[in-house]
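# Residue-level structure breakdown
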Amino acid sequence: MKISYNWLKQYIKTDLSAESIAQILTNVGLEVEGLEKVTSIPGGLEGLVIGLVKTRDKHPNADKLSITTVDIGNGEALNIVCGAPNVAAGQKVIVAPVGTTIYPTNGKPFEIAKAKIRGEVSEGMICAEDEIGLGTDHGGIIVLPNEAQIGQLAKEYYKLEDDWVFEIGLTPNRVDASSHLGVARDLAAFLNQSVILPEVNLPKPAKNGFKVEVVVENTTACPRYSGICLENVKVQESPDWLKNALIAIGQKPINNVVDITNFVLHETGQPLHAFDGDKIKGQKIIVKHAINGEDFTTLDGVKRKLSSADLMICSAEEPMCIAGVFGGLNSGVTASTTKLFLESAYFNSVSIRKTAKRHGLKTDASFRFERGTDPNATIFALQRAAQLIVEVAGGNISSDITDIYPIKINNLEITYRFAVADSLIGKVIPHDKVKLILRGLGIEILKENTDSLVLSIPTAKVDVTREVDVIEEVLRIYGYNNIEIPTKQNASLSYSLKPDREKLQNIISNLLADNGFSEMITNSLTASDYHQLLNDLKAEENVPMLNPLSKELDVLRQSLLFSGLEVIAYNHNRQQTTLKAFEFGNIYRKINSKYKQDTKLALFASGSITPEHWQVKTESVDIYYLKSNVEKIFARFGLQQIETSTAEKAGFVNAVEYYYNNKAIAFVGQVSNPILSRLEINKPVFYAEIDWDRVVKSSLQNKTSYKEVPKFPSVRRDLSLMIDKNITFGELKSIALQTEKQLLKEVNIFDVYQGEKIEKGKKSYALSFEIQDDNKTLTDKQIDAIVQKLIANYEKIGAEIRK
């Protein structure tokens, strides 16, 4: 949102610089994201001065050029070669001395340099209108009245004012500050001043003038509708003050009537709409819902299909405007318009938001109506606009104000308790200061008690509905920076160790990044029908959005899988087929009318393990690659005795589940083809999901510690086992670690064979065992005893030792 410094100062008395005001606004919650100097004319006529042509002689070497001497008030005359046919001695002119940069109306800026023109020295330029951006006339130089003072700056003569524009990052809840008056209220409250409201003195309506009847059929969607009629209006170009004000904040001037409605919108925050009175058939306005499927052409020339949920402003015969969003092509103001119906209304914010989203329209009006305008500001804005239209477009008021407001929306009453405020703020703010701030914000104090205040909250402050909201209003004006850090703090005697989640997350993020993974952050909103692809996801456990942005974003996600696959599909579609990514994210479920939120760590792998290189054989990622990275995470946390088993996981093939203390902590699997097809992915994708909450909790029980490198050698023994094909390496490893808990350090698999040379239904595993005593050298007798125990325990599960 753009706010003009000069415009703002019309409503508050201050000599503070634009930089100082920017700092104040940021401190009170209206963050100034940018501050830009602007001028109504490019270059602002900088460096141009008024001069007097002392002499004018014909150029000796060019018939169409003249040699002049020009006094610019500094005690000496400039020699200037001029090609204008109307230059003459005794004229007051605009001069651009050497070194001045001028900004032509049509063309690029350039700097005036000392030059020789046909053999004669020229020390500047006498300017025409189009040469300095004042207009388009190039018939001759600008000749000023005799009253113009020699040496006066051109920008002072034309009364040009530099302006500064604040770019404010307005938060959605602060629609009350979406105007110059709204920003002025916050600034005035901080400076302990009163806002200077523009005076409104509306002329009395003409007798027997143009009038329009108004009917509101749906007062729920339109709780208040105000309007007034004008006639004998002359639509033309706006005066400079109006155009300059709009241009400063990035608005394009159109004509005096439309420009006034835009000016009042940005002044008061109340959207207005002007209808051509002659196009209102039957001289009747009806506020009602559209006919479903009806066609309507908006001001941009686009034909739109209306919904029965769209609120429309209609004449007696046809729709003219999408209420609060966009005007119609055939009802707007044109150069031939002489009669006006001016609308100022309050619409239901939900209705406008849904209509704007349905038609993909975002306008200055819908921006404000969607967030909630002030229902009690329609009349003031209407009177202000009508008065300005009479001033700049002539004409007269032809009707009384129509105001359909069946159920008045009153101010909200809230009790402000000083003790509660002091507790939340962490500081006792003097009561007189609190009252001063509240009054400065336009909040009326209805009753004062020793320990509380009863307040009347103006309807403009749509986000102030609770006591804590009022406390926030007081605090932001008082200043967050004025709340000191307590020097004395109370602490509970009880203490329980809590993991530093952020630190742990950073550790694993760095670990994964070091192993070639990229972090991604995806939307927590997703499509409700994804649950049909995974039996683990239940439709009844979806957390639906009350006001979904689209059918693709209508529920909170129950899994990180689909949002990650959408990222993979996006990359694959752009020829980025190698992708290794991870995400820390929340999942959400609704269970027995209660909401549950859990944090997961998801890993995705697709494509090649390493980039293509002539010295390295390219290998594709597989489930073992992803398993190794999951196990690195467990190892980093010192989680030992992790057990694994194959699992039947909906939506995955070859899934492996990890258990810690007999509780599932993670799984790894290859995403099934039906899911990949749904997201139009035609390459294998491997997925791992870790229960991050459980990992963090388990990290408290396992501290990483350092152990010296053993002084005594380790011994390796290998066994080749023929086992049932359903037995996993995880089971074999678990048996080995249970057999020898002290001396057996590692169990690994270095070969797997299934084929014609062994019995059907069997497979061969070649295992290695590392045996070591930290305190002495092992003897052959000890090693053989351990190996025999391993063989005996493996034979109990039907394993045959191959020799």
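Worth saying up front: this structure is predicted, and the values here are computed from it rather than measured.

### A closer look at the overall build of the protein
In terms of regular secondary structure, the protein is built from 19 helices and 42 strands. What you see for the protein is a C-alpha radius of gyration of 39 Å, clearly larger than the 28 Å of a compact globule of 803 residues, by over 25%. Seen through its principal axes, the protein has C-alpha atoms that stretch 120 × 80 × 65 Å. Every one of the 803 residues in the protein was classed for burial, and the buried ones make up 47%. Of the contacts made within the protein by residues no fewer than 6 positions apart, 70% connect residues no fewer than 24 positions apart.

### Topic: the packing of helix α13 (residues 501–514) against helix α17 (residues 692–699)
Where α13 meets α17, the axes come as close as 11 Å, and the angle between the chain directions of the two elements is 105 degrees. By the angle between their directions, the pair α13 and α17 is classed as roughly perpendicular. Taking contact as the criterion, the partners of R501, L504, Q505 and I508 in α13 are, on α17, W692, D693, V696 and S699. Its residues placed into classes, the contact of α13 with α17 shows four nonpolar, two polar and two charged.

### So, the packing of helix α5 (residues 240–248) against helix α6 (residues 256–268)
Between α5 and α6, the least distance of the axes is 10 Å, while the angle of their chain directions is 50 degrees. Judged by the angle between their axes, α5 and α6 are oblique. As for the relative orientation of α5 and α6, their crossing is left-handed in sense. Listed contacts from α6 to W241, L242, A245 and L246 of α5 are N256, D259, I260, N262 and F263.

### Brief notes about unusual backbone geometry
Positive phi values are uncommon outside glycine, yet S593 reaches one of about 70 degrees. Residue position: S593 is located in the loop between β33 (579–591) and β34 (594–606). Note on S593: relative accessible area 63%, which makes it exposed. Residues other than glycine seldom take positive phi values, yet N661 does so here, at roughly 55 degrees.

### A word on helix α8 (residues 364–371)
Count 3.6 residues to each turn of an α-helix, and residues three or four apart come out pointing the same way. Residues of α8 that are buried: A365, S366, R368, F369 and E370. Taken together, the buried residues of α8 touch α6, β23 (340–346) and α7 (349–359). Immediately downstream of α8, the backbone of G372 shows phi near 110 degrees, a positive value.

### Let's talk about the pattern of salt bridges
Under the defined criterion, the tally for this structure stands at 36 salt bridges. We note a salt bridge from K461 to E473, for which the minimum N-O separation is 3.0 Å. Residue K461 is found in the loop between β28 (452–457) and α12 (467–478), and its partner E473 is found in helix α12; the two are separated by twelve residues along the sequence. Here E473 falls in the buried class, since its relative accessible area comes to 2%. Between E631 and K627 there is a salt bridge, with its nearest N and O atoms 3.2 Å apart. Note that E631 and K627 are positioned in helix α15 (residues 623–636) at a spacing of four residues, about one turn of the helix. Overall, E631 belongs to the partly exposed group, its relative accessible area being 34%. If you follow the salt bridges from partner to partner, you end up with R174, D176, D186, K461, E473 and R476 in one network.

### Quick notes on the nonpolar core
Residues F166, V257 and L342 are the most contacted members of the largest nonpolar core, which totals 49 residues. The biggest single contributor to this core is helix α9 (residues 378–393), with eight residues. L342 has contacts with S226, G227, I228, L230, T261, H273, A274, L382, A385, A386 and I389, leaving out every residue within four places of it along the chain. Core analysis: the next-biggest nonpolar cluster, separate from the first, contains 32 residues, F210, C321, A323 and A356 among them.

### Quick look at the side chain of D422
Inspection of the secondary structure assignment puts D422 in helix α10 (residues 418–425). With no salt bridge to any partner, buried D422 finds its closest opposite charge in K427, at an N-O distance of 10 Å.

### Some points on the pairing of strand β39 (residues 715–724)
Sheet topology places β39 next to strand β41 (residues 762–771); ten bridges connect them, and they run antiparallel. In the sheet register, S720 faces β41, and the bridge partner there is A766. In terms of strand pairing, β39 meets strand β42 (residues 800–802) through three bridges, oriented antiparallel. Residue S720 lies in a different strand from β42, and its bridge partner there is R802.

### With respect to the sheet that holds strand β14 (residues 213–216)
On the basis of which strands lie adjacent, the open sheet formed by five strands has the order β14-β17-β20-β21-β22 and mixed pairing. What marks the edges here is a single partner per strand, and that holds for β14 and β22 (326–327).

### Concerning the environment of P223
Looking at the element boundaries, P223 is found in the loop between β14 and β15 (224–231). Spatially, the C-alpha atom of P223 lies 8.0 Å from that of I404, the residues being 181 residues apart in sequence. With sequence-adjacent residues up to four places away left out, P223 is seen in contact with Y346, F347, N348, I404, Y405, P406 and I409.

### A few points about α17
What α17 keeps buried is the set W692, V695, V696, S698 and S699. Down the axis of α17, the buried side of the element spans an arc of 165 degrees, and every buried residue falls inside it.

### Brief notes about the packing of aromatic side chains
Under the definition given, this model contains 19 aromatic pairs. Seen from their ring centres, Y5 and F166 are 6.3 Å apart, and the 75 degrees between their planes marks the pair as edge-to-face. Here the residue Y5 occupies a position in helix α1 (residues 5–8), and F166 occupies one in strand β13 (residues 163–168), the gap between them amounting to 161 residues. Look at Y5 and you get buried, because its relative accessible area is 10%. Here the aromatic rings of Y225 and F341 are separated by 6.5 Å at their centres, their planes lie at 15 degrees, and the arrangement is stacked. Here Y225, found in strand β15, pairs with F341, found in strand β23; they are 116 residues apart in sequence, far enough to count as distant. Of the residues examined, F341 reaches a relative accessible area of 0% and is grouped as buried. Over the aromatic face of F667 sits the side chain of K649, whose NZ or CZ is 4.6 Å from the ring centroid.

### Points about the sheet that holds strand β31 (residues 543–544)
An order of β30-β32-β31 is seen for the three strands of this open sheet, with the pairing classed as antiparallel. The open sheet has two free edges, formed respectively by β30 (525–526) and β31, since each of these has just one partner strand. Looking at chain direction, β31 and strand β32 (residues 555–556) are connected through two bridges and run antiparallel. Within the sheet, the bridge partner assigned to V543 lies in β32 and is L556.

### As for the side chain of S608
Along the chain, the position of S608 falls in the loop between β34 and α15. With a relative accessible area of 16%, S608 lands in the buried category. When neighbours within four sequence positions are excluded, S608 is seen to be in contact with T578, K580, T618, E619, S620 and V621.

### As for the state of the cysteines
Overall, the coordinates contain zero disulfides when judged by the stated rule. Here C82 is not disulfide-linked; the sulfur of C127 is the nearest cysteine sulfur, at 9.3 Å. Residue class for C82 comes out buried when judged on its relative accessible area of 4%. A disulfide-free cysteine, C314 has its sulfur positioned 9.3 Å from the sulfur of C321, the nearest such atom. Residue classification places C314 among the buried residues on the basis of a relative accessible area of 4%.

### So, the pairing of β34
Remember that side chains alternate between the two faces of the sheet whenever the strand is regular. Sheet topology places β33 next to β34; 13 bridges connect them, and they run antiparallel. Each bridged residue has a counterpart across the sheet, and for L579 the counterpart in β34 is S606. Linking β33 back to β34 in an antiparallel pair, the connection comprises two residues, with N592 at a positive phi of about 55 degrees. One ladder, built from six bridges, connects β34 with strand β38 (residues 686–691); its direction is antiparallel. Considered in β38, the bridge of L601 is made with I690.

Thresholds, definitions, all that
Residues numbered from 1 in each chain as written. Predicted model: local features only at pLDDT ≥ 70, side-chain atom pairs only at ≥ 80, totals over all residues. Heavy atoms only, no water. Helix = DSSP H or I, 4+ residues; strand = E, 2+ residues; numbered from the N terminus. Rg over C-alpha atoms; globule rule 2.2 N^0.38 Å. Buried < 20%, exposed > 50% of the residue type's maximum accessible area, 1.4 Å probe, protein only. Contact = heavy atoms within 4.5 Å. Axes fitted to C-alpha atoms, helices over the stretch in contact; angles between N-to-C directions. Parallel < 35°, antiparallel > 145°, perpendicular 65-115°, else oblique. Nonpolar A, V, L, I, M, F, W, Y, C, P; charged D, E, K, R; others polar. Left-handed = near helix turned anticlockwise from the far one by under 90°. Salt bridge = Lys/Arg side-chain N within 4 Å of Asp/Glu carboxyl O. Core = buried A, V, L, I, M, F, W, Y, C linked by side-chain atoms within 4.5 Å. Lys, Arg positive; Asp, Glu negative; His and termini not counted. Pairing = 2+ DSSP bridges. Arc of directions from axis to C-beta. Phe/Tyr/Trp six-rings, centres within 6.5 Å; stacked < 30°, edge-to-face > 60°. Lys NZ or Arg CZ within 6 Å of the ring centre and 35° of its normal. Disulfide = S-S within 2.5 Å.

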